[in-house]
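# Remarks on the overall topology
Now for the letters of each chain:
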Amino acid sequence: LRKNVEDFTGPRERSDLGFVTFDITADILNEKMSIFDWNVKQLFLYLSAEYSTKNNALNQVVLWDKIILRGDNPRLFLKDMKSKYFFFDDGNGLKGNRNVTLTLSWNVVPNAGILPLVTGSGHVSVPFPDTYETTKSY
Amino acid sequence: LYYQVLNFAMIVSSALMIWKGLIVVTGSESPIVVVLSGSMEPAFHRGDLLFLTNFHDDPIRAGEIVVFKVEGRDIPIVHRVIKIHEKENGDIKFLTKGDNNEVDDRGLYKEGQNWLEKKDVVGRARGFLPYVGMVTIIMNDYPKFKYALLAVMGAYVLLKRES
């Protein structure tokens, strides 16, 4: 799983709003075993950003999600995706924040049984710039 | 007859003990809930049964499926956590959204409320069984069915013979 991003920020009222674009290449099958075994109904994939700010020791914001149903194409080639949800911080913690980590995780939904939540290994760090963009067409 | 009343009482109190035991073991006031709406489709449908835990030290993290109640309302809502902001001392506020909904749950919260807190959480979804909860929904929508079922169960227990 690989992702790479570019970004810029803008203030909204009093909270920082971050904009992130990303690519995702994912291959859910590996040679011997697919994550879609007999008891898997769907996968709920989501990209979340995790970071610390002065106001809050831990922040996690889901930027994007996708549902993959059993039988859907298991390979994802997403390029230049924009975040699906607004990336608001609770305050102004995004400005100059060098340590925002993007991680891909997924929820396995079985036909019946336990609901595991798995975090992908590997993550990408996205440093946010020190200045705001005042106007940007998005 | 005395014996049959005792028998009935034993059954009822055992069921109660199992239920209360489950509440203690999972830490949730309502460890088994029925999904009432289609807002988490296609993962969960109306009538599915969810098993919850609510351990105090379990952190709430983005992506988890939680069941919560809005202050003042009795209806449990099953949605996914999409944003969390947690302070160093563990105070946390979070936002939820149904997978099948276009917008987040702010419209469902209390007037003026923008975030949920730990105290609003009934539990975290750990496992599920499809369709099984339909019985509860039918009993709620058609009370006659509920009374008929209770009458049949009562009659069965009182009338059965121990050999």
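Residues numbered from 1 in each chain as written. Chains lettered and ligands numbered in written order. Predicted model: local features only at pLDDT ≥ 70, side-chain atom pairs only at ≥ 80, totals over all residues. Heavy atoms only, no water.

## What to know about the side chain of B:D48
All names here are of chain B. For clarity, the threshold we go by: To qualify as a helix, a DSSP run of H or I must reach at least 4 residues; to qualify as a strand, a run of E must reach at least 2; elements of each kind are numbered from the N terminus. Side-chain atoms alone can form a polar contact between residues adjacent in sequence; in general such a contact is a pair of N or O atoms within 3.5 Å, and within protein one must be able to donate a hydrogen while the other accepts it. The contact criterion used throughout is that any non-hydrogen atoms of two residues lie within 4.5 Å.
Here D48 shows up in the loop between β1 (32–34) and β2 (49–53). Here H45 takes part through its backbone nitrogen, which lies 2.7 Å from a polar atom of the side chain of D48. In this structure D48 touches V33, V34, V35, A43, F128, L129, P130, Y131 and G133, once residues within four positions along its chain are discounted.

## Here's the deal with the interface of chain B and chain A
In many analyses, interface size is given as the accessible surface area lost on bringing the parts together. The line we're drawing: A simple way to read buried area is as the amount of 1.4 Å-probe accessible surface that goes missing from two parts once joined, with both sides added. Think of it as three bins: nonpolar holds Ala, Val, Leu, Ile, Met, Phe, Trp, Tyr, Cys and Pro, charged holds Asp, Glu, Lys and Arg, and polar takes everything else, Gly as well. The rule for pairing is simple: two strands pair if DSSP sees at least two bridges between them.
The interface is formed by 28 residues belonging to chain B together with 29 residues belonging to chain A. Counting the surface lost from both chain B and chain A, the interface buries some 2200 Å², and carbon and sulfur atoms represent 56% of this. Per-residue buried area on chain B facing chain A is highest for B:K83, B:H85 and B:F128; these three make up 23% of the total on that side. Only β4 (76–86), β5 (92–97) and β7 (121–129) of chain B provide two or more residues apiece to the side of chain B that touches chain A. Each residue belonging to the side of chain B that touches chain A can be placed in one class, and the counts come to 12 nonpolar, 4 polar and 12 charged. Bridge count between strand β4 (residues 58–69) of chain A and β4(B): 4 bridges; the pairing is antiparallel. Bridge pairing in β4(B) links A:Q60 to B:I84.

## Section: the packing of aromatic side chains
Here the distance between the centres and the angle between the planes together describe a pair of aromatic rings. Basically, it comes down to this: Each Phe, Tyr or Trp ring (for Trp, its six-membered ring) is paired with any other whose centre lies within 6.5 Å, and the angle between the two planes then decides the class: stacked below 30 degrees, edge-to-face above 60, tilted in between. A ring is scored as having a charge over it whenever the NZ atom of a lysine or the CZ atom of an arginine sits within 6 Å of its centre and within 35 degrees of its normal.
Considering all chains together, one arrives at 3 aromatic pairs over all chains under this definition. Centroid distance A:F44 to A:Y46: 6.2 Å. Interplanar angle 45°. Geometry classified as tilted. Sitting over the face of the ring of A:F44, B:R80 holds its NZ or CZ atom 3.5 Å from the ring centroid. When the ring centre of B:W115 is taken as origin, the NZ or CZ atom of B:R106, which lies over that ring, is 4.8 Å away.

## Quick look at the nonpolar core
This is how the line gets drawn: What makes a nonpolar core is a set of buried Ala, Val, Leu, Ile, Met, Phe, Trp, Tyr and Cys residues whose side-chain atoms join them at distances within 4.5 Å. Exposure is judged per residue with a 1.4 Å probe applied to protein chains only, and the accessible area is read against the type maximum: over 50% gives exposed, under 20% gives buried, and values in between give partly exposed.
By size, the foremost hydrophobic cluster in this structure holds 21 residues, and its most contacted members are A:V62, B:I60, B:F68, B:V81, B:I84 and B:F94. Counting only elements with at least two residues in this core, the list comes to β3 (40–51) and β4 of chain A together with β3 (65–69), β4 and β5 of chain B. In terms of residue count, the dominant contributor to this core is β4(B) (4 residues). Residues in contact with B:V81, not counting those within four places in the same chain, are A:V62, B:I60, B:R61, B:A62, B:G63, B:E64, B:V66, B:F94, B:L95 and B:T96. In this structure, A:V40, A:A49, A:I68 and A:L102 belong to the second largest nonpolar core, which totals 16 residues.

## A few points about the UniProt feature "domain: Peptidase S24/S26A/S26B/S26C" (unreviewed entry) in chain B
The condition is simple: UniProt positions are given in the numbering used here, feature names are shortened, and annotations may be inferred rather than shown by experiment.
In the UniProt entry, the feature "domain: Peptidase S24/S26A/S26B/S26C" (unreviewed entry) is given for residues 23–110 of chain B. Annotated as 5% helix and 34% strand, the span residues 23–110 of chain B places its first and last C-alpha atoms 27 Å apart.

## Let's talk about the pattern of salt bridges
It is possible for side chains bearing opposite charge to pair when their charged atoms get close. Residue and element names in this part refer to chain B. As a reminder of what qualifies: Note on definitions: salt bridges are taken to be side-chain nitrogens of Lys or Arg within 4 Å of carboxyl oxygens of Asp or Glu.
Evaluated as defined, the whole model comprises 10 salt bridges over all chains. K110 is the partner of E71 in a salt bridge, and the nearest nitrogen-oxygen pair spans 2.9 Å. Here K110 lies in the loop between β5 and β6 (116–117) and E71 lies in the loop between β3 and β4, a separation of 39 residues in the sequence. Residue classification places E71 among the partly exposed positions, given a relative accessible area of 39%.

## Quick notes on the side chain of A:N59
Relative to the helices and strands, A:N59 resides in strand β4. Taking the relative accessible area as the measure of exposure, A:N59 reaches 0% and is therefore buried. A distance of 3.5 Å separates a polar atom in the side chain of A:N59 from the backbone oxygen of A:N56. Only 2.4 Å separates the side chain of A:N59 from the side chain of B:H85, close enough to count as a polar contact. A:N59 has contacts with A:A49, A:E50, A:Y51, A:S52, A:T53, A:D89, B:I84 and B:H85, leaving out every residue within four places of it along the chain.

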